[in-house]
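# Survey of secondary and tertiary structure
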Amino acid sequence: MKQILTKSQNKPQVIFKHSTRCSISAVALQRMQKIPQPADIDFYFLDLIANRSLSNKIAEVFKVPHESPQVLLIRDGQCVYEESHMGISMHEIVDQAHAA
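No experiment lies behind these values; they were computed from the predicted model shown.

### Considerations on the pattern of salt bridges
Where charged atoms of side chains with opposite charge meet at close range, the side chains can pair. What the rule picks out here adds up to three salt bridges. A salt bridge links Asp42 to Lys11; the nearest nitrogen and oxygen atoms lie 3.0 Å apart. Taken together, the residues span a long stretch of sequence, with Asp42 in strand β2 (residues 42–47) and Lys11 in the loop between α1 (2–7) and β1 (13–18) at a distance of 31 residues. Looking at Asp42, the relative accessible area reads 14%, which means it is buried. Among the residues examined, Lys11 registers a relative accessible area of 27% and is labelled partly exposed. Where salt bridges share partners, they join Lys7, Lys11 and Asp42 into one cluster.

In structure tokens:
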């Protein structure tokens, strides 16, 4: 997580929290994968089943409720955008990442 905080000072960082046991999470992941990831944004995919404690830490550090699936956009060490379930959209993530 320190790497994400540090890198967010220069480049937007996106954390996609994904549950391998949830069909909605699978659909959200497929929707994300249909559109190429922009090179100017770093993406991290977190398997919640295997990494629940890390997911809880992310929720604590960035002061967001835990949800699955969930996307967090981190810029300058802060979560500046958060969305979950069917609200997750690569287009919206990119728009938010490029917003001033």
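That covers the picture; the talk isn't over yet.
### Some thoughts on helix α3 (residues 52–62)
Taken residue by residue, α3 has Ser55, Ile58, Ala59 and Phe62 as its buried positions. For α3, the arc enclosing every buried residue in end-on projection is 100 degrees, short of the 170-degree limit, so these residues lie on one face. Those residues of α3 that are exposed and angled more than 90 degrees off the buried face are Ser53 and Glu60. Tucked into the core, α3 has its buried residues touching α1, β1, β2, β3 (70–75) and β4 (78–84). In the stretch just after α3, Lys63 is the one whose phi turns positive, near 55 degrees.

What counts, and at which threshold
Residues numbered from 1 in each chain as written. Predicted model: local features only at pLDDT ≥ 70, side-chain atom pairs only at ≥ 80, totals over all residues. Heavy atoms only, no water. Salt bridge = Lys/Arg side-chain N within 4 Å of Asp/Glu carboxyl O. Helix = DSSP H or I, 4+ residues; strand = E, 2+ residues; numbered from the N terminus. Buried < 20%, exposed > 50% of the residue type's maximum accessible area, 1.4 Å probe, protein only. Arc of directions from axis to C-beta. Contact = heavy atoms within 4.5 Å.

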